[in-house]
Amino acid sequence: MTTTAPTREQREAKLEGMGCKRKRVEDVRFTQGKGTYVDDIKMPGMLYGDFVRSQHGHARIKKIDASKALKVPGVVAVLTAKDLKGVNLAWMPTLAGDVQMVLADGKVLFQNQEIAFVVANDRYAAADGAELVEVEYEALPVIVDPFKSMAPGATVLREDLIGKNTGAHGPRKHHNHIFEWVMGDKDLTDAAFNKADVTIKELFSYHRTHPSPLETCQCVASFDKIKSELTLWGTFQAPHVIRTVASLLSKIPEHKIHVIAPDIGGGFGNKVGAYPGYICAIVASIVTGKPVKWVEDRIENLTSTSFARDYHMTCEMAATKEGKVTGLRVHVLADHGAFDACADPSKWPAGFFNIVTGSYDFPVAHVAVDGVYTNKAPGGVAYRCSFRVTEAAYCIERGMDVMAKKLGLDPAEFRLRNFIKREQFPYQSALGWEYDSGDYDTAMRKVMDAVDYAGLRAEQAAQREAFKRGETRAIMGIGVSFFTEIVGAGPSKNCDILGVAMFDSCEIRIHPTGAAIARMGTKSQGQGHETTYAQIIATEIGIPAADIMVEEGNTDTAPYGLGTYGSRSTPVAGAAIAMAARKIKAKAQMIAAYKLEVHEGDLEWDIDGFRVKGLPEKTMSMKDISWAAYNSPPPNMEPGLEAVSYYDPPNMTYPFGAYICVMDIDVDTGVANIRRFYALDDCGTRINPMIIEGQVHGGLTEAFAIAMGQEIRYDEFGNVVGGSFMDFFVPTAVETPKWETDFTVTPSPHHPIGAKGVGESPNVGGVPAFSNAVNDAFSFFGSTHIQMPHDHWRNWEAAKKFGLHA
Amino acid sequence: MIPAPFTYHRPKSLAEATGLLVDLKDEARVVAGGQSLIPIMKLRLAAPDHLIDLAAIAELKGIARGATSITIGAMTTQAELINSSVLAESVPILRETALQIADPQVRYQGTLGGNVANGDPGNDMPAIMMCLDASYRLVGRAGARTVKARDFYLGTYVTALNAGEILTAIDIPVPPAGHGFAYAKLKRKIGDYATAAAGVVLTVSGGKIQTCAIALSNLADTAVAADAAAKAVIGTALDRTALSAAAQAARGVMAPAADARGTVEYRTDVGGTMVKRALQAAFARAKG
Amino acid sequence: MAKTHVTMTVNGEPAEGLVEPRTLLIHFIRENLSLTGAHIGCETSHCGACTVDLDGRSVKSCSMFAVQAQGAQITTIEGMAHADGTLHALQEGFRMMHGLQCGFCTPGMIMRAHRLLQENKTPTEDEIRFGIAGNLCRCTGYQNIVKAIQYAADKLNGVPHKEAAE
């Protein structure tokens, strides 16, 4: 019997390396209900915590009476700020350099703020206890409109900051001011505007919304008094950062804190920061000596942990009459709520908002951001976003449309005239970034061809005439969006969180049989790292992906990393994987040379092992090399085959894409029907096209929700309007449009495998595409800009305003 | 979200249930499918001491076709309405409406009786019952009585149901063969209550509307009949003038709340649009 | 509060426990029975992550009390795979068509799809979308969930499935 040696194609296929649509390893457990999420964790004697929350948006707390709650059978303790003061934990630092109340200290600053933490034997008793804690309030004036925050005589929100004229990011101009952040050259920008042929100025408000992953924020804290060790399971996108923060706050030495992020049910930026629930669970565990679980419910999630956006951007643009942009000036009023709890890199109070020049060759630009306090929930997190990039992309993409209309140019044509050209990369932007690579013209033209853009515009013109003749009650909108993202934070020279540089890490151990484990500093919340990371290793060192286990989330075993958000996993940790793998490959080459009795330089890599140049039959597979590494390493070489890499990226990566949305709006109801959405993404090298596709579908769906209705709104009294899934717009399969996807590949020149990251692109580019489509539809009837979200009644209001109901 | 404690009762007969209601007085609530009550209990907006579950009472289930009317047991679920061939043939507006209520899971549990007895203006079936001129059978320990759907709704969560009474069945006069019908519901998404909704049942003869009933959901503090609107189209071939007159008349009985769905002005305006669309769809479907 | 003894059949096995009348079915399943596949996502009966199959109906187990399930036949995601450990067609379909990401909605989604396919063996795309509209997913945008259910329908019907995951 003869066996034929596998072909090169068969060997490649067996690896399931980069570029293939590898099916996800995670799915085997998830499809059988065998994932382990935080609320699945059960421990003997475990207690449950539940919060008493503020009914008021702003009030002084006169009295908290827990006596009735403490009589409820099963209630063990009720913690208030008074108790936390004893351990110096009534307040906690935020990632943005501010401080935040853990439990209300003297007053409450937003509705549903945490006031007391009731600990009980089960969650039913905890809820009964929370119901019976009596809080006496004295209502105070409420500020919900950020434009009124810095009015003279405005009520003082943060009494703890009285007299502090300097915050974490410089001088404060007013008692409700947080920071001013300025970038770019003001004089040159002013000069450009002075000699511009055409200018526009428009306020683009990006409303407050929320990441709302399907699993809320939750944790189990277990303090072992004998060992003085804390184990904390939680929904953490950045488990190592949580460990460091927990150590700094609790004074428990960092090596005695074990943070474990098990399976996470979606994050989208909601699970980066530290929340009062975590602190209270830890303190309650220390106090009671028992494990304490805290699980927020959906209303708590939407109204207290981490809103996103609430950016009010006044955009000014200058251009020549021929349609060439010459300057950009943006002022942002940033509403941070009661505490500045943004999860940005420490030196970036407005994140990377200075990517606001977008995909266009602006010679000069100037940006100023003022952060203010209001009586709303704290946060300002990056909801499927790299640190305010979604806001920046929205600002520039709406600005480009408004300018195009003023110039009488088609929005796509106006973009084509102003793109940064392929030969300009690496490109220095006016606001200080170095774009790594791009080919914008090709991407834009590919999408325009795919949808027959000219045909759509002709159809739109015909439909508009039909509308005017009364033959239809629908108006058609075409939304063009071209975005450039900045992701992969980031280089240690400018990115850190609480002083820890934003590198990421990978440790790979090859076992004697040629199987492997890779441990990472990141943490998947659905992105499929266990699948894709193994694909990178498979291609790099020729071990089948199926033989590689990827482990994340346990701070005791994983190398230190900064976590998963801001599309940083592939750009930073993905690079660390390649670098660690290459260290292993270098050692493997030495072992192979020794075993094959040739010089290292005589070997060349061939899919899954080394072969001797010119002697293709003389080979040694990685599997055999692995065994040799443990069985008979070369003299003077340490046995074993493993490597660690901490990767400090030299630059950010700059994914881009071109999106076109086509919709019809019923002017009598305001209902918008998304007829078509075409999305082209360029994320550089593609590791798993199936997963990229899935990320794009999901991001577009979130973009659709945000643009078309998803909002956390407050009434004038500081009450949240619609803080549950009844009102908060999470579309079902029925409302969700069907997506068409496409791609180009422009690798990052500085990334080891050329990958750029993709998870957030569809949200960044999608929101302006939807909003531009709505605005495009109304623009032909005299509208310049309509604020988001474009829900039914706001579309109807626009139709009314522009006389379409006549 | 944890409900407050309560005592659970699962009577096996109507007599047992009404007896419990009398004995327990205000401290008890009946639960049918629970798809409205249980969520508000979890929010502790309702905290009854006793919950009387009607699920085990066989006499509250079933769809029976009589000569001129159909009787539907209160515990008949929305899914059962949707799957009933008898209803699809005789009163198809019930299927059309039930399919627009909530989502599949809620429709398996939610009942017609719960939907009409709850008194929430956001429920969809009360307006349909008004269009069909249905009657509700109310049974208490003292006996049974019948109240027309049109007379049942007194205010938000306030109905003609007396303390100690249970709504046991709905009697619907079978509309004439060939009648036109439609339920036009504008909502933000599946699972939402109506921003505005209108039900229409009409008959046509010689191309003109002979009879018409119109009622509205979630546009006032109760479901509300728009009789002046119906009158405006009777005798017409539903020309543009008649449609506008109907919408205008219907807007006259609307008093929606401003909420996350929109302003009072918007909800009133689209309420009129829903009336127009329901009329057009019903007219197109009618034979005669 | 006095506790009630409840018995039911879960995934073909008898199950019982002592519960308060207010104990939600989802808590009974997750905590008393330690079947943690069904999840809690919204608690207001909108998201469907808690969906189980009960007496031939898809129900949101967060909006039902355990005492109401007395004597019921319940199937949860843990009861879907075949006795030999191979995956049910839906489980396979979700994996093959990339119908899940974080996995949190998946058990409820599969249980709902299971009942949908019992009632309609050859659903159209629109029927699938309408049929799963009681289940929210924040990750996938549903497009691949629809394909996963089509894949399973084809497999259950013995029809070869054409399309691969995009």
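Residues numbered from 1 in each chain as written. Chains lettered and ligands numbered in written order. Predicted model: local features only at pLDDT ≥ 70, side-chain atom pairs only at ≥ 80, totals over all residues. Heavy atoms only, no water.

1. Examining the overall build of chain C
Alright, step 1. From N to C terminus, chain C includes five helices and five strands.
Alright, step 2. Taken over C-alpha atoms, the radius of gyration comes to 16 Å for chain C, in line with the 15 Å a tight globule of 166 residues would show.
Alright, step 3. For chain C, the spread of C-alpha atoms along the principal axes amounts to about 55 × 35 × 25 Å.
Alright, step 4. Each of the 166 residues in chain C was classed as buried or not, and the buried ones make up 66%.
Alright, step 5. When contacts within chain C are restricted to residue pairs at least 6 apart in sequence, those whose partners lie at least 24 apart make up 55%.
Alright, step 6. Accessible surface for chain C amounts to roughly 5300 Å². Of this, 49% is attributable to carbon and sulfur atoms. (Helix = DSSP H or I, 4+ residues; strand = E, 2+ residues; numbered from the N terminus. Rg over C-alpha atoms; globule rule 2.2 N^0.38 Å. Buried < 20%, exposed > 50% of the residue type's maximum accessible area, 1.4 Å probe, protein only. Contact = heavy atoms within 4.5 Å. Areas by Shrake-Rupley, 256 points an atom, 1.4 Å probe, with all protein chains shown as cover.)

2. Observations regarding the domain arrangement of chain A
Residue and element names in this part refer to chain A.
Alright, step 1. Each assigned domain of chain A is listed here: domain 1 (8-35 + 504-647), domain 2 (38-140 + 216-264 + 271-304) and domain 3 (379-485 + 652-801).
Alright, step 2. The partner domain 3 presents 21 residues to the 27 residues of domain 1 that form the contact.
Alright, step 3. For the pair domain 1 and domain 3, the summed buried surface comes to about 1700 Å²; carbon and sulfur atoms form 66% of the total.
Alright, step 4. The interface formed by domain 1 and domain 3 contains zero salt bridges.
Alright, step 5. The tally of links from domain 1 across to domain 3 stands at nine residue pairs in polar contact (both at pLDDT 80 or more).
Alright, step 6. Residue assignment for the side of domain 1 that touches domain 3 shows that the elements contributing at least two residues are α15 (529-541) and α16 (569-596).
Alright, step 7. A per-element tally of the side of domain 1 that touches domain 3 places α16 first, with seven residues.
Alright, step 8. Class assignment of the residues belonging to the side of domain 1 that touches domain 3 gives a composition of nine nonpolar, 12 polar and six charged. (Domains from an automatic or database assignment. Buried area = accessible area lost by both parts, 1.4 Å probe. Salt bridge = Lys/Arg side-chain N within 4 Å of Asp/Glu carboxyl O. Polar contact = N/O pair within 3.5 Å; in protein donor to acceptor, adjacent residues only side chain to side chain. Nonpolar A, V, L, I, M, F, W, Y, C, P; charged D, E, K, R; others polar.)

3. With respect to the nonpolar core
All names here are of chain A.
Alright, step 1. Among the nonpolar cores identified, the biggest contains 225 residues, and Met-313, Phe-352, Phe-353, Val-369, Met-663 and Phe-770 are the most heavily contacted of them.
Alright, step 2. When residues in this core are grouped by element, the largest group, 11 residues, is from helix α11 (residues 389-407).
Alright, step 3. Apart from residues lying up to four places away in sequence, Phe-353 is in contact with Trp-181, Tyr-311, Met-313, Val-330, Val-332, Val-367, Val-369, Phe-387, Arg-388, Glu-391 and Ala-392.
Alright, step 4. Judged by nonpolar contacts, the second largest core, of 47 residues, contains Ala-534, Ala-573, Ile-584 and Ile-591. (Core = buried A, V, L, I, M, F, W, Y, C linked by side-chain atoms within 4.5 Å.)

4. As for the interface of chain A and chain C
Alright, step 1. With 59 residues of chain A at the contact, the number on the chain C side is 53 residues.
Alright, step 2. Counting the surface lost from both chain A and chain C, the interface buries some 4600 Å², and carbon and sulfur atoms represent 54% of this.
Alright, step 3. It is Thr-31, Tyr-124 and Leu-214 of chain A in chain A that bury the most area against chain C; as a group they hold 17% of the surface buried on that side.
Alright, step 4. Where chain A touches chain C, the interface holds seven salt bridges.
Alright, step 5. Of the charged contacts, one joins Arg-123 of chain A and Glu-31 of chain C as a salt bridge, the two residues approaching to 2.2 Å between their closest N and O atoms.
Alright, step 6. If one sorts the elements of the side of chain A that touches chain C by residue count, helix α18 (residues 689-708) of chain A sits on top with 10 residues.
Alright, step 7. A class-by-class count of the residues in the side of chain A that touches chain C yields 23 nonpolar, 18 polar and 18 charged.

5. Observations concerning the sheet that holds strand β7 (residues 143-148) of chain B
All names here are of chain B.
Alright, step 1. Spatial ordering of the open sheet is given by β4-β5-β10-β6-β7, a layout of five strands whose pairing is antiparallel. Bordering the open sheet on either side are β4 (63-65) and β7, each of which pairs with just one other strand. Adjacent strand axes in the sheet meet at a mean angle of 20 degrees, parallel and antiparallel pairs treated alike.
Alright, step 2. The sheet contact formed by strand β5 (residues 69-73) and strand β10 (residues 166-173) spans five bridges and is antiparallel. Considered in β10, the bridge of Thr-71 is made with Asp-171.
Alright, step 3. Together, β6 (135-140) and β10 form the strand contacts of helix α1 (residues 14-24), whose direction differs from that of β10 by roughly 125 degrees.
Alright, step 4. In this fold helix α8 (residues 125-132) packs onto β6 and β10, with an angle of close to 45 degrees to the strand it touches most, β10. (Pairing = 2+ DSSP bridges. Axes fitted to C-alpha atoms, helices over the stretch in contact; angles between N-to-C directions.)

6. Concerning α18 of chain A
Because each turn of an α-helix spans 3.6 residues, side chains separated by three or four positions in sequence point in the same direction.
Residues and elements named next belong to chain A.
Alright, step 1. With 20 residues, α18 extends 28 Å from end C-alpha to end C-alpha; this agrees with the ideal 28 Å at 1.5 Å per step.
Alright, step 2. Judged by how many residues are buried, α18 sits mostly within the fold: 20 of 20 residues are covered.
Alright, step 3. Two to three positions downstream of the cap, the backbone nitrogen of Met-690 sits 3.0 Å from a side-chain oxygen, assigning the N-cap of α18 to Asn-688. (Expected span 1.5 Å × (residues − 1).)

7. Some details on the domain arrangement of chain C
All names here are of chain C.
Alright, step 1. Taken domain by domain, chain C comprises domain 1 (4-79) and domain 2 (89-156).
Alright, step 2. On a C-alpha basis, the centroid separation for the pair domain 1 and domain 2 is 21 Å.
Alright, step 3. Across the boundary between the two partners, domain 1 contributes 19 residues, which contact 13 residues of domain 2.
Alright, step 4. Each partner contributes to the roughly 1200 Å² buried at the junction of domain 1 and domain 2, and carbon and sulfur atoms together form 59% of this total.
Alright, step 5. It is His-39, Thr-51 and Ile-77 that lose the most area in domain 1 upon contact with domain 2, and together they represent 38% of the buried surface on that side.
Alright, step 6. Run the count over domain 1 and domain 2 and you get one salt bridge.
Alright, step 7. Across the pair Arg-115 and Asp-53 runs a salt bridge, and its minimum N-O distance is 2.8 Å.

8. Focus on the environment of Asp-39 of chain A
Alright, step 1. Tracing the sequence through the fold places Asp-39 of chain A in the loop between α2 (27-30) and β1 (47-53).
Alright, step 2. Asp-39 of chain A sits 178 residues away from Cys-217 of chain A along the chain, and the two C-alpha atoms are 9.9 Å apart.
Alright, step 3. Setting aside its immediate chain neighbours within four residues, Asp-39 of chain A contacts Arg-123, Gln-218, Lys-293 and Val-295 of chain A together with Arg-30 of chain C.

9. Some remarks on the packing of aromatic side chains
Residues and elements named next belong to chain A.
Alright, step 1. This structure, assessed with the given rule, holds 42 aromatic pairs over all chains.
Alright, step 2. With a centroid separation of 5.4 Å and an interplanar angle of 75 degrees, the aromatic rings of Phe-352 and Trp-433 are classed as edge-to-face. Of this pair, Phe-352 sits in the loop between β18 (325-335) and β19 (365-372) while Trp-433 is found in the loop between β21 (427-428) and β22 (434-435), placing the two residues 81 residues apart along the sequence. Each of the two residues, Phe-352 as well as Trp-433, counts as buried. (Phe/Tyr/Trp six-rings, centres within 6.5 Å; stacked < 30°, edge-to-face > 60°.)

10. Observations regarding helix α9 (residues 276-288) of chain A
Residue and element names in this part refer to chain A.
Alright, step 1. With 13 residues, α9 extends 18 Å from end C-alpha to end C-alpha; this agrees with the ideal 18 Å at 1.5 Å per step.
Alright, step 2. With 10 of its 13 residues buried, α9 lies for the most part within the structure.
Alright, step 3. Here α9 has its buried residues at Pro-276, Gly-277, Tyr-278, Ile-279, Cys-280, Ala-281, Ile-282, Val-283, Ala-284 and Ser-285.
Alright, step 4. Note on α9: the residue one or two positions beyond its end, Gly-289, has a positive phi of about 75 degrees.

11. Quick notes on the interface of chain C and chain B
Alright, step 1. Opposite the 31 residues of chain C that make contact, chain B presents 28 residues.
Alright, step 2. Here chain C packs against chain B, burying approximately 2600 Å² in sum over the two surfaces, 60% of which is carbon and sulfur.
Alright, step 3. Our enumeration of links across chain C and chain B arrives at one salt bridge.
Alright, step 4. The salt bridge partner of Lys-60 of chain C is Asp-103 of chain B, with a shortest N-O separation of 2.6 Å.
Alright, step 5. In this assembly, chain C and chain B are joined by 11 residue pairs in polar contact (both at pLDDT 80 or more).

12. Some words on the sheet that holds strand β15 (residues 257-260) of chain A
Residues and elements named next belong to chain A.
Alright, step 1. Pairing is mixed in the open sheet, where seven strands are placed in the order β3-β7-β1-β16-β13-β14-β15. Looking at the sheet topology across the chains shown, the edges are occupied by β3 (75-79) and β15. Averaged over all pairs of adjacent strands, the angle between strand axes in this sheet comes to 20 degrees, irrespective of strand direction.
Alright, step 2. One ladder, built from three bridges, connects β1 with strand β16 (residues 292-295); its direction is parallel. Across the sheet, residue Tyr-48 finds its bridge partner in β16, namely Lys-293.
Alright, step 3. Across the sheet, helix α5 (residues 123-132) is in contact with β1, β3, β7 (114-120) and β16; its angle to β1 comes to roughly 25 degrees.

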